[in-house]
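Structure assessment
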Amino acid sequence: MGPGASAAAYDEHADWYNDFMSAGAAGAYIERVHAAIEELSGPGEGTCLDVCCGTGAHAPPLAGLGWTPVGVDLSGGQLRHAAGRLPVVAGDATALPFGDGAVPAVACVLAHTDVPDYAAVLREVARVLRPGGRFVHVGVHPCFIGAFADWSDRPRVLLDERYADRSRSFDAWNPAGVRARVGAWHLPLADLLNAATAAGPRIVRTSEAGPGGVPDLFGFLAVKSQDDR
């Protein structure tokens, strides 16, 4: 994960989170996440840096596309589980332990709400990407997932004015879920897209997915210009 409190928060819940992500507890949701990764990433070869890799639960779809995933996370508890699934490096997502233009691909999956400054993560992603390299972001949908969104009456989702609140919150409609345990920083959709655009790589594709016609996932593929060295 990113710097600070999130690393400690996930350390405390690493075993629970590994079970949640690996034993089918997340079910169809993880299937949608992995389908989005496959749709946006596309086939390739060489290293794909899995930034904020957590327990390594999202390495399989990357490997299945031909990439060689390498995980980076700040949480030692998470990396203890991830190490059995892919090579891992302990590191801060806002100061990645890789050189400029070092990798042909980067993915960041279900992690942008775990860092207080995702714009800084996006700038680091741009730095370590080779010219022509791909970056895939897949995360909770900024418009429909957060403390401001109540999903208890599915498929209807009730939103409130907290959509504009960018602070960290432990409020969640599901008291047994991830966010009630570790909290989340909210990033409105405009902020996310503006930060991605400002980082440099060009967004070439976006994706939404979710149950009942309401998307709970949002993703995009960005490509670094061959001229951006």
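Before any of the text, the structure's been laid out above.
Reading the values: rules and limits
- Residue numbers here run from 1 along each chain, matching the order of that chain's written sequence.
- This being a predicted model, a pLDDT of at least 70 is required before a residue's local features are given, and a value of 80 or more before pairs of side-chain atoms are given or counted; all residues contribute to the totals for chains, interfaces and linings.
- To get the side-chain values, take all heavy atoms of the structure and skip hydrogens and water.
- Only DSSP runs of H or I covering at least 4 residues are called helices, and only runs of E covering at least 2 are called strands; the numbering of each starts at the N terminus.
- For this analysis, a polar contact is any N or O atom pair within 3.5 Å, provided that within protein one partner can donate a hydrogen and the other can accept it, and provided that sequence-adjacent residues contribute only side-chain to side-chain pairs.
- The contact definition used throughout considers only heavy atoms, calling two residues in contact when any of these lie within 4.5 Å.
- Accessibility here uses a 1.4 Å probe with only protein chains present; expressed as a share of the type maximum, an area under 20% marks a residue as buried, one over 50% as exposed, and anything in between as partly exposed.
- What makes two strands pair is DSSP finding at least two bridges between them.
- Convention adopted: a line fitted to C-alpha atoms gives each axis, helices being fitted over their contacting stretch, and angles between N-to-C directions are expressed from 0 to 180 degrees.

Another point: the side chain of His137. Position of His137 among the secondary structure elements: in strand E5 (residues 129-140). Engagement of the side chain of His137 in a polar contact is seen with the side chain of Tyr118, the distance being 2.9 Å. The residues touching His137, leaving out its near neighbours within four places in the chain, are Leu40, Cys108, His112, Tyr118, Leu192, Phe218, Gly219 and Phe220.

All right, on to helix H5 (residues 118-128) then. In terms of burial, H5 is largely enclosed, as eight of its 11 residues are buried. Looking at the packing, one finds that the buried side of H5 touches strand E1 (47-51), strand E4 (103-109), E5 and helix H7 (189-199).

If you trace the seven strands from one edge of the open sheet to the other, you get E3-E2-E1-E4-E5-E11-E10, paired in mixed fashion. Two strands bound the open sheet, and with one partner strand each, they are strand E3 (88-90) and strand E10 (202-209). Across the sheet, the axes of successive neighbouring strands diverge by a mean angle of 20°, strand direction being ignored. Alignment of E10 against strand E11 (residues 217-223), held across seven bridges, turns out to be antiparallel. Paired with Ala209 across the strands is Leu217, a residue of E11. Seen against the sheet, helix H2 (residues 28-41) touches E4, E5, E10 and E11 and runs at an angle of roughly 160° to E5. Packed onto the sheet, H7 meets E5, E10 and E11 and runs at close to 15° relative to E11.

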